[in-house]
Amino acid sequence: MNNHISKAKMNSSIALKVRRMAREKDTYERAKTYFSRHSKESFFMTGLALYWAHGAQKGGHFNFMSSDAEMVILMNTWIKKYLESNDLKPKYRLFIHQSYKNEEKEDFWAKSLGVSQRDFRKTIYTRGFAKAKKISGYKGSLSIVIGRIEALRLLIAWQKLLIKYYDEVL
């Protein structure tokens, strides 16, 4: 009986891996078509480079983070133009030092991005030194998250294509 269970688990594991590989291949093929259509657009290439520099490469979802408001605004616009769809809608999370807790920095980010505070996840307050010096203009770091692995797979495929593109160009 144990042998049958082990065999069933192995067969299930193989079937899941085959399906995942098929999804990744399908995503890569769609990414190639999209990349060839948009690779001449500097805004598209800029967004890919920004994600490469500031985005999470691992995990099960798209995650871009920066404390630079202009960069976050640019990336949010890029997402809306090239990535967002009904099932790939971004959520936002603010990471900020505890000493700024009552300064409504979420409001700054929501207004800057033109989104509702309902699109924000719970703010994460970090601790630092006992007497943290307040910095003029500090707004914390904002994370843009798309909770579907499909978005991350697409970005990783585009990054591979970006590397290949520049290998051929240079």
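Structure shown above.
So, here is what we can say about the structure in this document. (Residues numbered from 1 in each chain as written. Predicted model: local features only at pLDDT ≥ 70, side-chain atom pairs only at ≥ 80, totals over all residues. Heavy atoms only, no water.)

Another aspect to go through is the packing of aromatic side chains. Tallied over the full model, the rule gives 15 aromatic pairs. For the ring pair F43 and Y82, a centre distance of 6.0 Å and an interplane angle of 45 degrees mean the geometry is tilted. Of this pair, F43 sits in helix α2 (residues 42-54) while Y82 sits in helix α3 (residues 69-82), placing them 39 residues apart in sequence. Considering the side-chain rings of Y92 and F120, the 5.5 Å spacing of their centres and the 35 degrees angle between planes classify their relative orientation as tilted. Separated by 28 residues along the polypeptide, Y92 in strand β2 (residues 91-97) and F120 in the loop between α4 (105-113) and β3 (124-126) bring together distant segments of the chain. Summarising the burial analysis for this pair, Y92 and F120 share the class buried. Above the face of the Y125 ring, K101 is positioned so that its terminal group lies 5.1 Å from the ring centre. (Phe/Tyr/Trp six-rings, centres within 6.5 Å; stacked < 30°, edge-to-face > 60°. Helix = DSSP H or I, 4+ residues; strand = E, 2+ residues; numbered from the N terminus. Buried < 20%, exposed > 50% of the residue type's maximum accessible area, 1.4 Å probe, protein only. Lys NZ or Arg CZ within 6 Å of the ring centre and 35° of its normal.)

In a regular helix each residue adds 1.5 Å, so 14 residues correspond to 20 Å; α3 covers 20 Å between its end C-alpha atoms and thus fits that length. Looking at α3, one finds that the buried residues are A69, M71, V72, M75, N76, W78, I79 and Y82. N-capping of α3 is provided by D68, with a side-chain oxygen placed 3.0 Å from the backbone N of E70. (Expected span 1.5 Å × (residues − 1). Polar contact = N/O pair within 3.5 Å; in protein donor to acceptor, adjacent residues only side chain to side chain.)

Summed over the entire model, instances satisfying the criterion amount to 7 salt bridges. The partner of E150 in a salt bridge is R30, and the shortest N-O contact between them spans 2.2 Å. A residue pair is termed long-range when its members are at least 10 positions apart, and E150 in helix α5 (residues 149-169) and R30 in helix α1 (residues 2-38) qualify at 120 residues. The class of E150 is buried, set by a relative accessible area of 17%. One salt-bridge network, in which partners are shared between bridges, spans D26, R30 and E150. (Salt bridge = Lys/Arg side-chain N within 4 Å of Asp/Glu carboxyl O.)

Formed by 39 residues in total, the largest nonpolar core has its most connected members in F44, L48, F62, F64, W78, L83 and W158. Of all the elements in the fold, those that place two or more residues in this core are α1, α2, β1 (62-66), α3, β2, α4, β4 (141-146) and α5. When residues of this core are assigned to their parent elements, the largest contribution, 8 residues, is made by α5. Not counting residues within four places of it along the chain, the set of residues in contact with F62 comprises Y51, M75, I79, L83, I144, V145, I146, R148, A151, L152 and L155. (Core = buried A, V, L, I, M, F, W, Y, C linked by side-chain atoms within 4.5 Å. Contact = heavy atoms within 4.5 Å.)

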